[in-house]
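These are the residues of each chain, in order.
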Amino acid sequence: MSNLGNQLVAAEQEEVARGIRLLLGRPLLTKQHEPEAFDLVRRRQQPIELWFDYNCGWPLTVEPRLGYARLAKIRRPDETRPARRSRSNRAPFDRRRYTLLCVVAAELLSGPVTTIGLLADRVRQATATDDALDTFDTARHGERKAYVDVLRLLESFGALTTVDGVTESFVDSREAKVLYRVDTTLVLRLLAAPSGPSRSPVPPEEVGLRWPELVDGLLREPRYGDGESPTTDVRRNLWLRHSIFRRLFDDPVLYDADLTEDQRAYLRNPRGRQLLRAAAEQAGFVLEERAEGYLLVDPDALATDRTFPGGSGTVGGAALLVLDRLVAADTGLTVEQLHAEASGLLREYPHWARQYRDDDGPARLVSESLSVLTTFGLAAREAGRVRALPAAARYTVTEIRQ
């Protein structure tokens, strides 16, 4: 192969790797919001699609005419990746907002154009006729704020586009006028589940009581056979590869202790290790293998929607300081001890963390810091204590002597 041919192959491999990492960090790319990223994925769709299907079993849909690429990350939901409000504090969605998100998404399928008032009326009617839901009431300021948070999230996805008006104006007045264009196809793509909720055999009145069963039904993938008990060796190996790689490529760190014995055996097998290393290399990651587990490093920080410590924010800085204390304590610390440590930090740095200087400030600082540390796999709560996990060693401060 000529030198030019080698350069073209290398350039294509780099673009494919970049596209994979972009989609891991942002599973929904739209031409409207991220034109360069969308164009890259569109051009390299086939190899990117094959990589995700083979290594993770995640389907990738690219719609060039509609202007979006959607990677359906099929995994059990957890609390570490909540939908977040668009306001500055980026607070996670609560139950009411998730409920409204589902109802709003369903009502948006009625047509390609709507207004904020007409949509609110449809949501009110839908919730009023469902005994399991509280009726949506636009007379209440808190309800209007929750509704606007949902609409802003859908706007960020590209499912809603403002044609005229400002969405936030509805918070101050339910008479606000806002016109939207709806991408109904994209609304349908938002749910990353092999089976739709409408196919569930669970009666509506029993959903609350049978929620785990309902989630299992949504996430059941026929390609593996009977759930997590595949009926053939081929299906078993497929499930093992996908179940491991989904966690490796989607979680901050993958600990050996969190895997099943079959999954650990798969990674001890030379073929399994070879596939893991090849997948990481093809996606442009640096794979770190330790006795305790595995970690992927993205040199360009494309493959994540959050970073640690996350800039100069108070909680990120506090989490680093709390982590120092946890690393120094071999057996971990109790939450009460961490409260005392937080109080000491606030005294030591009198001009720092002003929003945590009321009576319950140290407790809130510890709670939010631990939320960050557990999300990134750096700490864990066990038997009433909090201890640092092996990945915390990456952030250990060491003294360098010359």
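Residues numbered from 1 in each chain as written. Predicted model: local features only at pLDDT ≥ 70, side-chain atom pairs only at ≥ 80, totals over all residues. Heavy atoms only, no water.

(A) Quick look at the overall build of the chain. Counting its regular elements, the chain contains 15 helices and 12 strands. Against the 2.2 N^0.38 benchmark of 21 Å for 402 residues, the chain shows a C-alpha radius of gyration of 24 Å, consistent with a compact globule. The principal-axis extents of the C-alpha atoms in the chain amount to approximately 70 × 65 × 50 Å. Sorting the 402 residues of the chain into buried and exposed places 41% on the buried side. Across the chain, contacts joining residues at least 24 apart in sequence account for 58% of those joining residues at least 6 apart. Element-wise, carbon and sulfur atoms account for 50% of the exposed surface of the chain, whose accessible area totals about 22400 Å². In the chain, 56 positive and 58 negative side-chain charges are present, and the distance between their average locations comes to 2 Å. (Helix = DSSP H or I, 4+ residues; strand = E, 2+ residues; numbered from the N terminus. Rg over C-alpha atoms; globule rule 2.2 N^0.38 Å. Buried < 20%, exposed > 50% of the residue type's maximum accessible area, 1.4 Å probe, protein only. Contact = heavy atoms within 4.5 Å. Areas by Shrake-Rupley, 256 points an atom, 1.4 Å probe, with all protein chains shown as cover. Lys, Arg positive; Asp, Glu negative; His and termini not counted. Charge placed at Lys NZ, Arg CZ, Asp CG, Glu CD.)

(B) Seen up close, the packing of helix α14 (residues 335-348) against helix α15 (residues 361-375). At a minimum axis distance of 8 Å, the contact between α14 and α15 shows a crossing angle of 110°. Between α14 and α15, the angle is such that the two are roughly perpendicular. Seen from α14, the contacting residues are Leu338, His339, Ala342, Ser343 and Leu346; seen from α15, they are Pro362, Ala363, Leu365, Val366 and Leu370. Looking at the contact of α14 with α15, its residues break down into 8 nonpolar, 2 polar and no charged. (Axes fitted to C-alpha atoms, helices over the stretch in contact; angles between N-to-C directions. Parallel < 35°, antiparallel > 145°, perpendicular 65-115°, else oblique. Nonpolar A, V, L, I, M, F, W, Y, C, P; charged D, E, K, R; others polar.)

(C) The nonpolar core, seen in detail. Core analysis: the biggest nonpolar cluster contains 43 residues, and Phe52 and Phe249 have the highest contact counts within it. At 6 residues, helix α10 (residues 233-250) tops the list of elements feeding residues into this core. With near-sequence residues (within four places) excluded, Phe249 lies in contact with Leu24, Trp51, Cys56, Ala279, Ala280, Ala283, Phe285 and Leu296. (Core = buried A, V, L, I, M, F, W, Y, C linked by side-chain atoms within 4.5 Å.)

(D) Layout of helix α9 (residues 211-219). Leu214, Val215, Leu218 and Leu219 are the residues of α9 that are buried. Buried residues of α9 fall within an arc of 125° about the axis and therefore sit on the same side. (Arc of directions from axis to C-beta.)

(E) The arrangement of the pairing of strand β8 (residues 286-290) in detail. The sheet contact formed by β8 and strand β9 (residues 293-297) spans 5 bridges and is antiparallel. Looking at β9, one finds that Glu288 is bridged to Leu295. In this antiparallel pair of consecutive strands, β8 and β9, the connection spans 2 residues. (Pairing = 2+ DSSP bridges.)

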